[in-house]
Amino acid sequence: MESIVHRTVEINGIKMHVAEKGEGPVVLFLHGFPELWYSWRHQILALSSLGYRAVAPDLRGYGDTEAPPSITSYTIFHLVGDVVALIDSLGVDKVFLVGHDWGAYIGWLLCMFRPDRIKAYVCLSVPFGTYIARDPKVRPSEAFHAEFGDDFYINRFQEPGKMEAEMDEVGIHYVLKNLLTTRQTGAPILPKGEYGTGFNPNTPDTLPSWLSEEELAYFVTIFQKTGMTGGLNYYRALDLNWELLAPWTGVGISNVPVKYITGEVDMVYTSPGVKEYVHGDFKKDVPNLEEVVVQEGVGHFNNQEAAEDVNNHIYDFIKKY
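Residues numbered from 1 in each chain as written. Predicted model: local features only at pLDDT ≥ 70, side-chain atom pairs only at ≥ 80, totals over all residues. Heavy atoms only, no water.

Looking at an unreviewed UniProt entry, the protein carries the name soluble epoxide hydrolase, with the source organism given as Crotalaria pallida. The UniProt entry for the protein carries the following comment under Subunit (unreviewed entry): "Homodimer." UniProt, in the comment section headed Sequence similarities (unreviewed entry), describes the protein in these words: "Belongs to the AB hydrolase superfamily. Epoxide hydrolase family." (UniProt positions renumbered as here; feature names shortened; annotations may be inferred.)

Encoded structure:
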């Protein structure tokens, strides 16, 4: 990892930390929750060795990037604006884009708003319809409450400070280990009260083979310093995003080639209705969806758990463009 270059750029009113390696066409990696640029460590090394400039920022609110205090500073326009400004700072017109989890959500909206900046998009875990297929009559918070109840994880994240306090009670090490190792399928439910068993009631004593103690410690060290509020504020802005995205109701992704990769036991893919959407109306919303890959036995954090397979899929797709 010593060969990865770290720098800070001033973009869109904030200072953003960026990790990068290699020369050639830019592959831009956008991480999710609760992650960092470091989530792409395997992809950075692999793609940079294949003739690409691999770039992975800490997104707004994460790691060594600034975290504005207001929830209203985490709308999709702020997040997409950050990425557009970052692309400008790289001195290129277009990039290959790879997004996971919240990074995937940002990626979809970037493809919608600025397809002129994207050569091709590899989406991990979160398909287009998740959080984006806008019902003009129902706010996301109301929809989630009606379908999953108060204990659905996004509903539990909404009150500022409350989830942070629950996570602090059990400690950041436990929270991250609990999240990163989860094999729970279906809609993530977090019972009220202490964070407790969180997303993974069967948190293992030992880490899986794809996540070392040293790697987990990197995440823990950073989040102990920053806290979780920045990442949680993305969820707290969902209803505001719903309002702001009104002009794009019913609009899909039509000008960017797309490949979608998910784990067979990913908590998103196995949530009610998502699997049916991925193998059904997904293609209607994203006509240039070229391939759907479901990785057998792989969970939510497939960029880390099945890194070599993900690397190969990314390379095989983007080399065509």
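Having seen it, we continue.
Draft legend 1. A look at the pairing of strand 3 (residues 26-30). Within strand 3, 5 of the 5 residues are buried, which leaves it mostly tucked inside the rest of the structure. Because side chains alternate across strand 3, one face comprises the buried residues V26, L28 and L30, and the other comprises V27 and F29, equally buried. Strand direction decides the pairing type here: strand 3 and strand 4 (residues 53-57), joined by 3 bridges, are parallel. What sits directly across from L28, in strand 4, is V55. Handedness of the strand 3-helix 1 (residues 41-48)-strand 4 crossover: right-handed. Sheet topology note: the strand 3/strand 5 (residues 95-100) ladder contains 4 bridges and is parallel. Within strand 5, the residue paired with F29 across the bridge is V98. (Buried < 20%, exposed > 50% of the residue type's maximum accessible area, 1.4 Å probe, protein only. Helix = DSSP H or I, 4+ residues; strand = E, 2+ residues; numbered from the N terminus. Pairing = 2+ DSSP bridges. Right-handed = clockwise from strand over helix to strand, strands pointing away.)

Draft legend 2. Structural detail: the sheet that holds strand 8 (residues 289-295). With mixed pairing, 8 strands are arranged side by side in an open sheet as 1-2-4-3-5-6-7-8. The open sheet is flanked by strand 1 (5-11) and strand 8, the only strands paired with a single partner. If you compare each strand with its neighbour and ignore which way they point, the axes differ by 20° on average. Across the face of the sheet, helix 3 (residues 102-113) comes into contact with strand 3, strand 5, strand 6 (118-124) and strand 7 (258-263) while running at roughly 150° to strand 6. (Axes fitted to C-alpha atoms, helices over the stretch in contact; angles between N-to-C directions. Contact = heavy atoms within 4.5 Å.)

Draft legend 3. Structural detail: the packing of aromatic side chains. Inspection of the entire model under this criterion finds 34 aromatic pairs. Ring plane angle 85° and centroid distance 5.7 Å describe the contact between W108 and F128, whose orientation is recorded as edge-to-face. In this pair, W108 sits in helix 3 while F128 sits in the loop between strand 6 and helix 4 (140-148), placing the two residues 20 residues apart along the sequence. Across this residue pair, the class does not change: W108 and F128 are buried. The ring of Y38 carries the charged tip of R41 above its face, separated from the ring centre by 4.5 Å. (Phe/Tyr/Trp six-rings, centres within 6.5 Å; stacked < 30°, edge-to-face > 60°. Lys NZ or Arg CZ within 6 Å of the ring centre and 35° of its normal.)

Draft legend 4. Representation of the pairing of strand 6 in the model. With 6 of 7 residues buried, strand 6 lies mostly within the body of the structure. Where strand 5 lies against strand 6, 6 bridges are found, and the strand directions are parallel. Paired with G99 across the bridge in strand 6 is C123. The pairing of strand 6 with strand 7 spans 4 bridges and is parallel. Each residue of the ladder has a partner; that of L124, found in strand 7, is I261.

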